Amino acid sequence: MALWGGRFSTGPDQAFKQFNDSLPFDYQLVEQDIVGSIAWAGALKQVEVLSNEEYERIVNGLNALLGDALQSPQDIAQSGYEDIHSYVEAKLIDKVGDLGKKLHTGRSRNDQVATDFRLWSRQTAQQVVEAITQLKDEFIALAERELGTILPGYTHLQRAQPVLFSHWCLAYVEMLNRDLSRLQDAIERLNECPLGCGALAGTAYPVDREKLAHELGFSRATRNSLDAVSDRDFVVELLSCASISMMHLSRLAEDMIFYNSGESGFIELSDNVTSGSSLMPQKKNPDALELIRGKTGRVFGAFSAMMMTLKALPLAYNKDMQEDKEGLFDALPTWIASLHMAQACIKGLKVNGEATLAAAKGGHANATELADYLVAKNIPFREGHHIVGQLVQHAISQGKNLEELTLEEFQGVCPQIDHDVYPRLEIAACIAARQALGGTSLPQVTEAIKSAKSFSSP
Ligand code: ARG
């Protein structure tokens, strides 16, 4: 049943077999393994190892196998073969007889697995691209819907300065844009074909590797056979892209869990992404967001595990590298599912504009505005900062907001303050003042929405 029995007098013991076999997880590469094998059969025909007729029979066999395999890929996992490559070869032999034994000519599982895994990675990464784009679009739609809603902006979880709610949405669009561009870079780099590198030294058959690469949709063939079978940078890069993006999603989750809390009441998540408590009937918990935050740890774990596995591995292939798969098989679907969940949360979101406005008006979030007002009265900013600090202290002692202080109270601390201070302290004025590029004024945010839309999906 194994691909390599000749040199051995006894078979593997059960415990070793279980430890060694990768079929329980690499069955997921069945499609890629067959597609890669079809392309390899083409290369063998080109170098006349296979006649046209043999090639046809092998390709038909592989296509039939693909049809069977896609019916119930889970069953493959239980079939007892060592790995997906052994499974496909054995099944092909079942279908086409001894001819199937020719397919592995000039090929190794080392270049084969590197090729399969790149094909899977490219395909799955494309699904991530779509999921990121959809989440971006959802944020842009929310930004448009809530244009004009005012939110307290925070630093240190202290109310700092008011911002437009849409500005908050677009902050996440920026992160998602970076996630997308990082991922697209990674896809471009991984899109090279190792097939035809053999075990490590290159194949002994004069196959046209560039043609082979193009047939599999790669942009080119890898350049060094030793590197090609040893390289798992693409796994590390994808896990790094996934980790950075999950870090963004977990910050989003945290923001939203806080905004959704009874304490702030800024947003309400829709029923379809929340769950109840078995004991407390009043509860509506933000589980989707908590799970996004929680799953981030898993993805970071996969990234560091891969780095650890590859560290100090000698060239070329070592069995350690079989550990490359489970982490990525888990991390990319987790990333996609988290993006979809985040999208569902944003889609059904209700924003309580009155609560956000009331909170934005509290916490003396217009203090910076007052300092800028003093700058306009020719008071140097550092001095103005100190004066405003005193006024805030006074306001706190009186239980007032800054704009509720009387002119006498203002002038008691700073005689230069006049009636014209009041309009400057209005929340709309605080927002409107942020006219410079990237600020939260309405024209800036409107422009940012426009450019986000032109960047996003058509
Ligand atoms: N199952 C193996 C893996 O995933 C395939 C490559 C095996 N190569 C070898 N020389 N034993 O890495």
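Every value quoted in this text rests on a predicted model; they were computed, and no experiment measured them.

Q: Provide a residue-level description of the state of the cysteines, including the pertinent values.
A: The tally for this structure, following the rule as stated, stands at 0 disulfides. Cysteine 169 takes part in no disulfide bond, and the closest cysteine sulfur to it belongs to cysteine 345, at a distance of 13 Å. Distance from the sulfur of cysteine 193, which forms no disulfide, to the nearest cysteine sulfur (cysteine 197) is 8.0 Å. Cysteine 193 gets classed as buried once you look at its relative accessible area, which sits at 0%.

Q: Can you explain the site of the ligand? Please cite residues and give values.
A: The environment of the ligand is formed by Ser22, Asp26, Asp83, His85, Arg109, Asn110, Val113, Tyr317, Gln322 and Lys325. In the model, a nitrogen atom of the ligand is placed 3.0 Å from a nitrogen or oxygen of the serine 22 side chain. Measuring from a nitrogen atom of the ligand, one finds a side-chain N or O atom of aspartate 83 at 3.4 Å. Summarising the interface, the protein chains cover 86% of the accessible area of the ligand, which totals 350 Å² for the free molecule. Considered class by class, the residues forming the shell around the ligand number 2 nonpolar, 4 polar and 4 charged.

Q: Explain the nonpolar core to me, using residue names and the numbers behind them.
A: Core analysis: the biggest nonpolar cluster contains 113 residues, and Phe139, Trp168, Met256 and Trp335 have the highest contact counts within it. Residues within four places of phenylalanine 139 in sequence aside, it is in contact with Trp168, Cys169, Tyr172, Val173, Leu176, Leu252 and Ile346.

Q: Quick rundown of the packing of aromatic side chains? Include the residues and the values.
A: Scanning the entire structure with this criterion turns up 14 aromatic pairs. The interplanar angle of 65 degrees and the centroid separation of 5.8 Å between the aromatic rings of phenylalanine 410 and tyrosine 422 together place this pair among those described as edge-to-face. With a gap of 12 residues between them, phenylalanine 410 in helix 17 (residues 407-413) and tyrosine 422 in helix 18 (residues 421-425) connect regions that are remote in the sequence. The exposure class assigned to phenylalanine 410 is buried, which follows from its relative accessible area of 0%. Pairwise contacts between aromatic rings join Phe139, Tyr154, Phe165, Trp168, Tyr172, Phe258, Tyr259 and Phe266 into one cluster. Its end group placed over the ring of phenylalanine 8, arginine 7 keeps NZ or CZ at 6.0 Å from the ring centre. Looking at lysine 325, its charged tip hangs above the ring of phenylalanine 117, at a distance of 5.7 Å from the centre.

Conventions we followed
Residues numbered from 1 in each chain as written. Predicted model: local features only at pLDDT ≥ 70, side-chain atom pairs only at ≥ 80, totals over all residues. Heavy atoms only, no water. Disulfide = S-S within 2.5 Å. Buried < 20%, exposed > 50% of the residue type's maximum accessible area, 1.4 Å probe, protein only. Near = heavy atom within 4 Å. Polar contact = N/O pair within 3.5 Å; in protein donor to acceptor, adjacent residues only side chain to side chain. Areas by Shrake-Rupley, 256 points an atom, 1.4 Å probe, with all protein chains shown as cover. Nonpolar A, V, L, I, M, F, W, Y, C, P; charged D, E, K, R; others polar. Core = buried A, V, L, I, M, F, W, Y, C linked by side-chain atoms within 4.5 Å. Contact = heavy atoms within 4.5 Å. Phe/Tyr/Trp six-rings, centres within 6.5 Å; stacked < 30°, edge-to-face > 60°. Helix = DSSP H or I, 4+ residues; strand = E, 2+ residues; numbered from the N terminus. Lys NZ or Arg CZ within 6 Å of the ring centre and 35° of its normal.

In short, the description is geometric, and any link to function would need to be established separately.
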